[in-house]
Amino acid sequence: MRSSGFRRTVVTVAACSLALTALTACGADDEDSAGGKTRITVNCMPPKSAKVDRRFFEDDVAAFEKANPDIDVVPHDAFPCQDPKTFDAKLAGGQMEDVFYTYFTDARHVVDIDQAADLTPYIKELKSYETIQRQLRDIYTVDGKIYGVPRTGYSMGLIYNRALFEKAGLDPDRPPTTWDEVRSAADRIADLGDGTVGYADYSAQNQGGWHFTAELYSQGGDVVSEDGTSATVDTPQGRAVLQTLHDMRWTDDSMGSKQLLVINDVQQMMGSGKLGMYLAAPDNIPILVKEKGAAYEDMAIAPMPGGQGTLIGGDGYMVNKKADPEQIRAGLRWLDAMFLTPGDGFLGDYARAKQHDAPVGLPEPRLFTGTADEKDQQVKEANANVPVENYQSFLDGNQRLDMKIEPPNAQQIYSVLDGVVSAVLTKEDADIDSLLKDASGKIDDILARG
């Protein structure tokens with residue numbers, strides 16, 4: 001699953017339907033050149049309804065074309081940037097843009113169905129490539145060949161309400177680092193009464209499976225075997241995840257009586273000041289403030305409890321297999337300028353973002369390494385307009401965690417695990433061993449079908 005918000009502002013966009021795509025030559029069938037220029041189509045442009053982001057995107061495209069007069073960029077908007085319902089159809093129908101957006105979890109799939117251009121011979125022309133975190137680059141590397149470029153990345157952590165911590169007699173500068181500490185803190189927060197919930201979790205619409213995966217990673221477990229052929233949820237780590245949830249829900253009564261929650265429910269609870277903690281990525285914080293009523297000074301994030309690992313996700317761009325060499329080169333130049341220049345571009349122009357009251361200073365995305373990262377962080381810190389000290393423990397703790405992407409066939413597996421989590425949170429007598437055994441068999445079947 002992707003994280004919950006766009007990186008600068010929360011964007012709602014309108015769809016570019018397949019029918020419209022066909023009528024307007026929305027994909028790789030566009031003319032390769034216009035007036036002697038190399039033309040590339042690109043997607044994931046914010047729509048007209050997202051006025052600020054749309055203007056930023058258009059300004060950046062215009063600046064790129066001015067600096068590269070031999071390239072004509074034709075952007076298309078869409079919602080979401082990658083729609084699972086139409087993604088494969090666009091690829092198979094030859095209607096995908098020349099340079100197209102993908103979630104990390106779909107990179108391998110695009111390669112497997114032979115719809116991605118091999119960028120390996122051209123990657124040296126991408127000036128920023130070696131500065132990107134290797135673990136993110138590796139997501140788009142298959143059998144030693146490079147098929148895509150990361151744009152953003154996120155990792156899960158523990159978002160918590162500093163004001164409730166203080167009210168419950170907890171130190172907001174020392175958030176929980178183990179699941180036992182999460183349980184203890186949740187219990188004390190719930191004891192505040194007046195409908196206050198100590199810890200909330202998702203358990204519907206595949207989101208429960210997503211969070212089970214993150215919690216399993218945090219305890220050093222995994223959902224599938226390293227070779228991707230069998231389930232690994234029926235393990236001591238899997239039982240520990242479910243037992244902790246069961247005990248907080250039924251023994252401590254620190255998770256509240258309302259269950260089968262999804263992300264919006266939990267965000268509403270946190271924004272209203274009635275929730276102590278939940279798992280999310282840092283990009284939840286501006287949503288909590290701008291849409292749900294929270295205050296930046298109250299919102300903080302810590303690394304995943306457990307100290308073993310965290311779930312990471314994100315997105316990037318791949319190039320259509322039908323693109324010719326000049327389009328590939330043009331696409332890489334566009335990605336460099338648009339997304340991969342530290343402290344500049346659509347996602348990195350922090351001064352511009354600050355001028356438009358967008359949050360600057362959140363701990364992620366953290367895309368670069370070395371001097372590129374130093375420059376990006378310097379520009380971000382110089383323009384920060386949120387309490388960066390509230391995120392320091394997250395930054396420090398993440399350095400010690402194993403960063404793990406979502407499992408293969410993630411949505412199908414999450415659907416299975418949803419039932420496991422929802423059963424534990426809605427049935428006091430749920431049989432954890434039986435639930436995990438049954439889920440393991442179903443996941444094995446999913447993996448066997450590919």
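Source: prediction; values computed, not measured.

Engineer: Can you lay out the overall build of the protein for me, pointing to particular residues and giving the numbers?
Structural biologist: Along the protein, the regular secondary structure elements total 18 helices and 13 strands. Dimensions of the protein, computed from C-alpha atoms along their principal axes, come out at roughly 70 × 50 × 40 Å. Per-residue burial over the protein gives 58% buried out of 450 residues. Element-wise, carbon and sulfur atoms account for 47% of the exposed surface of the protein, whose accessible area totals about 18400 Å².

Engineer: How would you sum up the state of the cysteines? Please name residues and give values.
Structural biologist: The final tally for this structure, using the stated rule, is 1 disulfide. Here Cys44 pairs with Cys81 through a disulfide, and the sulfurs are 2.0 Å apart. Handedness here is read from the sign of the S-S torsion; for Cys44 and Cys81, about 65 degrees, the answer is right-handed. One end of the pair, Cys44, is in strand β2 (residues 37-45); the other, Cys81, is in the loop between β3 (71-77) and α3 (87-92), and 37 residues separate them in sequence. Pair check on accessibility: Cys44 and Cys81 agree, each one buried.

Engineer: Now, about helix α9 (residues 236-251): what can you tell me, with residues and values included?
Structural biologist: Regarding α9, the residues found buried are Gly238, Val241, Leu242, Thr244, Leu245, His246, Asp247, Met248 and Arg249. Against α7 (179-190), β9 (197-199), α8 (207-218), α17 (410-426) and α18 (432-449) lie the buried residues of α9. Once α9 finishes, Asp253 follows within two positions and takes phi at roughly 55 degrees, a positive value.

Engineer: Residues and numbers for the packing of α9 against α17, please.
Structural biologist: Running from N to C, α9 and α17 cross one another at 30 degrees; their axes reach a closest spacing of 8 Å. Viewed along their axes, α9 and α17 adopt a mutual orientation that is roughly parallel. Remark: the crossing between α9 and α17 carries right-handed chirality. Between α9, through Leu242, Leu245, His246, Arg249 and Trp250, and α17, the contact on the second element is made entirely by Val420, Val421, Val424, Leu425 and Thr426. Residue composition of the contact of α9 with α17, by class: 7 nonpolar, 2 polar and 1 charged.

Engineer: Run through the packing of aromatic side chains, naming residues and quoting values.
Structural biologist: The full count for this structure, using the stated rule, is 13 aromatic pairs. For the pair Phe87 and Phe100, a centre-to-centre distance of 6.3 Å together with 55 degrees between the ring planes defines the contact as tilted. Within this pair, whereas Phe87 is found in helix α3, its partner Phe100 is found in strand β4 (residues 99-103), the two being separated by 13 residues in sequence. Using a relative accessible area of 6% as the deciding quantity, one classes Phe87 as buried. Between Trp334 and Phe339 the ring centres are 5.5 Å apart and the planes differ by 85 degrees, which places this aromatic pair in the edge-to-face class. With relative accessibility at 0%, the residue Trp334 sits in the buried group. The rings of Phe57, Tyr101, Tyr103, Tyr317, Trp334, Phe339 and Phe346 are connected pair by pair, giving a single aromatic cluster. Stacked on the ring of Phe339, the Lys or Arg Arg151 has its end atom at 5.3 Å from the ring centre.

Engineer: How would you explain the environment of Glu381 if you had to name every residue and give the values?
Structural biologist: Along the chain, Glu381 turns up in helix α15 (residues 370-382). Classification of Glu381 as exposed rests on a relative accessible area of 59%. Sequence separation between Glu381 and Tyr350 is 31 residues; the distance between their C-alpha atoms is 9.0 Å.

Engineer: Can you lay out the nonpolar core for me, pointing to particular residues and giving the numbers?
Structural biologist: Ranked by size, the top nonpolar core spans 75 residues in total, and within it Tyr199, Phe212, Leu245, Met277, Tyr278 and Ile443 carry the most contacts. In terms of residue count, α17 provides more of this core than any other element does, 9 residues in total. Ranked by size, the runner-up nonpolar core spans 55 residues in total, among them Val61, Tyr103, Ile328 and Leu332.

Engineer: I'd like a rundown of the environment of Ile285, residues and numbers included.
Structural biologist: On the secondary structure map, Ile285 appears in helix α11 (residues 284-290). What makes Ile285 buried here is its relative accessible area of 0%. Expressed as a C-alpha distance, the spacing of Ile285 and Gly345, which sit 60 residues apart in the sequence, is 22 Å. In this view, Ile285 contacts Ile159, Tyr296, Met299, Ile301, Leu362 and Tyr391; residues no more than four positions away in its chain are not counted.

Engineer: Give a description of the packing of α8 against α9 that names residues and reports values.
Structural biologist: At a minimum axis distance of 9 Å, the contact between α8 and α9 shows a crossing angle of 115 degrees. With respect to the hand of their crossing, α8 and α9 are arranged in right-handed fashion. Across the interface between the two elements, Phe212, Glu215 and Leu216 of α8 pack against Gln237, Gly238, Val241, Leu242 and Leu245 of α9. Looking at side-chain class alone, the contact of α8 with α9 contains 5 nonpolar, 2 polar and 1 charged residues.

Engineer: Quick one: what's the story with the pattern of salt bridges, residue by residue and with numbers?
Structural biologist: Under the defined criterion, the tally for this structure stands at 24 salt bridges. Residues Glu130 and Arg137 are paired through a salt bridge, measuring 3.3 Å at the closest nitrogen-oxygen approach. Between Asp173 and Arg162 there is a salt bridge, with the nearest N and O atoms lying 3.1 Å from each other. With Asp173 in the loop between α6 (162-167) and α7 and Arg162 in helix α6, the pair connects residues that are 11 residues apart, well separated along the chain. Overall, Asp173 belongs to the exposed group, its relative accessible area being 56%.

Definitions and cut-offs
- Residues numbered from 1 in each chain as written.
- Predicted model: local features only at pLDDT ≥ 70, side-chain atom pairs only at ≥ 80, totals over all residues.
- Heavy atoms only, no water.
- Helix = DSSP H or I, 4+ residues; strand = E, 2+ residues; numbered from the N terminus.
- Buried < 20%, exposed > 50% of the residue type's maximum accessible area, 1.4 Å probe, protein only.
- Areas by Shrake-Rupley, 256 points an atom, 1.4 Å probe, with all protein chains shown as cover.
- Disulfide = S-S within 2.5 Å.
- Contact = heavy atoms within 4.5 Å.
- Axes fitted to C-alpha atoms, helices over the stretch in contact; angles between N-to-C directions.
- Parallel < 35°, antiparallel > 145°, perpendicular 65-115°, else oblique.
- Left-handed = near helix turned anticlockwise from the far one by under 90°.
- Nonpolar A, V, L, I, M, F, W, Y, C, P; charged D, E, K, R; others polar.
- Phe/Tyr/Trp six-rings, centres within 6.5 Å; stacked < 30°, edge-to-face > 60°.
- Lys NZ or Arg CZ within 6 Å of the ring centre and 35° of its normal.
- Core = buried A, V, L, I, M, F, W, Y, C linked by side-chain atoms within 4.5 Å.
- Salt bridge = Lys/Arg side-chain N within 4 Å of Asp/Glu carboxyl O.

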